[in-house]
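This is what each chain is made of:
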Amino acid sequence: MNEPQKSSLLYRHLYRRRSLTTVVGLLVLLASGFTGQCAPPFQDSALETYELEVISDASRILPLLQRPDEPFVMANLLVFKDMATGEGFEGLTGAEAYQIYSEGLTEIQAALGSRLIWAGAVRQQVVGSGDPVFETLALLEYASPTAFLTLAGNPGEAPEARIAGLLGQWAVASTSLEEPDPSPSASAERGEGRPFGGPPGVCREERHVPSRKPTTVSGLSLEQICRLLEGPAHEPVFIVELLRFADGSGELYQPYREAIAAANQETGGELIWRGSLDTYVLGNASPSFDEMVVTRYPNPRAYLLTLKRPDVLAASPSRAQGLELNWLYTADEVIDSFGS
């Protein structure tokens, strides 16, 4: 065999080996679920019962008196009337009337040592199905149950404005589990300048996933992605989650929580607050939620990138197995005063 023939034979042998290696590598990736795998879908679950209230029954206050004499958080989830009702509020929206009530509580709240942890105006309910959809979410810390009851007995300068503007709410006495100090390194600049969905209000579905797939790699459906991207593409967004655990304790869900926390270090996510939802003082839900989590992201794209990180995808079965119910909202932070 001459040299050219030997060289040609050697080339074909190496080519076959390289091709075989490539095929084996692809098979390994397929077996590991790397190629073409989607995370388990986020389910748009609805509650069996979902009731809002404006005035609480006196019996709902009793559990507050059984809480320790220490600070606690009241998680407030509100829906407003389209237009305010009642004399003196003609021409105002429900939200505008409620703002009058909130401003009338400022001095009382300060005197009682209350603290607004966070408040947000809802953009969209991204995951889950609620009717009506909450419009404002807020976390108010009270110095003690006694301080809260003192406020309830002294409803501020314009208590009638609350009735005029509020359609109903959930008020859930809660226990803080995590509230990290704000990080100066977590800024709106991280991830900015790379919009994920085009102009505000425009959902370009074809950019995210071929139409044949029911979900993206992230586990969000096309419709859920559209909800996520509704609003400014470059501005910070707050992701608010209501969680009910399948095992009651959250242990099954914990690997996913840890994966999200690690991924947030890379995508700019910053945990604002996490707490257990203990006692409904206003409104009710069945099944009830166990936890509420608020996280700030530089923009919606940063949250989507968090869901698509390999460590989060690997842990996503823990989300599907660990959650019985998951509602998720996008929100913009509200800086104004807020009343319970």
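In the block above lies the structure referred to throughout.
We now turn to the structure provided with this report. (Residues numbered from 1 in each chain as written. Predicted model: local features only at pLDDT ≥ 70, side-chain atom pairs only at ≥ 80, totals over all residues. Heavy atoms only, no water.)

**A closer look at the overall build of the chain**
Helix and strand counts for the chain stand at ten helices and ten strands. The buried share of the chain, reckoned over its 340 residues, is 46%. Counting every atom, the chain has about 16,700 Å² of accessible surface; 54% of that belongs to carbon and sulfur. (Helix = DSSP H or I, 4+ residues; strand = E, 2+ residues; numbered from the N terminus. Buried < 20%, exposed > 50% of the residue type's maximum accessible area, 1.4 Å probe, protein only. Areas by Shrake-Rupley, 256 points an atom, 1.4 Å probe, with all protein chains shown as cover.)

**As for the packing of helix H8 (residues 254-267) against helix H9 (residues 300-307)**
Between H8 and H9, whose axes approach to 9 Å, the crossing angle comes to 130°. As judged from the angle between their axes, H8 and H9 are oblique. When you trace H8 past H9, the crossing you get is right-handed. Counted together, Tyr 256, Ile 260, Ala 263, Asn 264 and Thr 267 of H8 and Ala 302, Leu 305, Thr 306 and Leu 307 of H9 form the full contact between these two elements. Of the residues in the contact of H8 with H9, the class split is six nonpolar, three polar and no charged. (Axes fitted to C-alpha atoms, helices over the stretch in contact; angles between N-to-C directions. Parallel < 35°, antiparallel > 145°, perpendicular 65-115°, else oblique. Left-handed = near helix turned anticlockwise from the far one by under 90°. Contact = heavy atoms within 4.5 Å. Nonpolar A, V, L, I, M, F, W, Y, C, P; charged D, E, K, R; others polar.)

**A closer look at the sheet that holds strand E9 (residues 291-297)**
Pairing in this closed barrel of eight strands is antiparallel, and the strands run E2-E4-E3-E10-E6-E9-E7-E5 around the ring. Within this sheet the neighbouring strands show an average axis-to-axis angle of 35°, counted without direction. The sheet contact formed by strand E2 (residues 72-80) and strand E4 (residues 136-142) spans seven bridges and is antiparallel. Each bridged residue has a counterpart across the sheet, and for Asn 76 the counterpart in E4 is Ala 138. The strands touched by H8 within the sheet are strand E6 (237-245), strand E7 (270-282) and E9, with E9 carrying the most contacts at an inclination of about 15°. (Pairing = 2+ DSSP bridges.)

**Details of the nonpolar core**
Counting 29 residues, the largest nonpolar core has Trp 118, Leu 137, Leu 139, Trp 170, Leu 242, Phe 289 and Met 292 as the members making the most contacts within it. Residue assignment for this core shows that the elements contributing at least two residues are E2, strand E3 (115-127), E4, strand E5 (166-178), E6, E7, E9 and strand E10 (323-333). If we skip the residues at most four places from it in the chain, Leu 242 touches Leu 77, Trp 170, Leu 277, Phe 289, Glu 291, Met 292, Leu 325, Asn 326, Trp 327 and Tyr 329. Ile 239, Val 293, Ala 302 and Leu 307 belong to the second largest nonpolar core, which has 26 residues in total. (Core = buried A, V, L, I, M, F, W, Y, C linked by side-chain atoms within 4.5 Å.)

**Regarding the pattern of salt bridges**
Counting across every chain of the model gives twelve salt bridges. Here the residues in one salt-bridge network are Glu 178, Arg 257, Arg 274 and Glu 291, joined through shared partners. (Salt bridge = Lys/Arg side-chain N within 4 Å of Asp/Glu carboxyl O.)

**Points about the side chain of Glu 141**
Topologically, Glu 141 is positioned in strand E4. The buried category is assigned to Glu 141, whose relative accessible area is 19%. Those residues in contact with Glu 141, other than ones at most four positions away along the chain, are Pro 71, Phe 72, Val 73, Gly 113, Ser 114, Arg 115 and Ile 117.

**Things to note about the packing of H8 against helix H10 (residues 310-322)**
At a minimum axis distance of 7 Å, the contact between H8 and H10 shows a crossing angle of 155°. Relative to H10, the element H8 is oriented roughly antiparallel. Of the two possible hands of crossing, H8 and H10 adopt the one that is left-handed. Contacts from Pro 255, Tyr 256, Ala 259, Ile 260, Ala 262 and Ala 263 of H8 reach H10 at Asp 311, Val 312, Ala 315, Ser 316, Ser 318 and Arg 319. Looking at the contact of H8 with H10 residue by residue, the classes come out as eight nonpolar, two polar and two charged.

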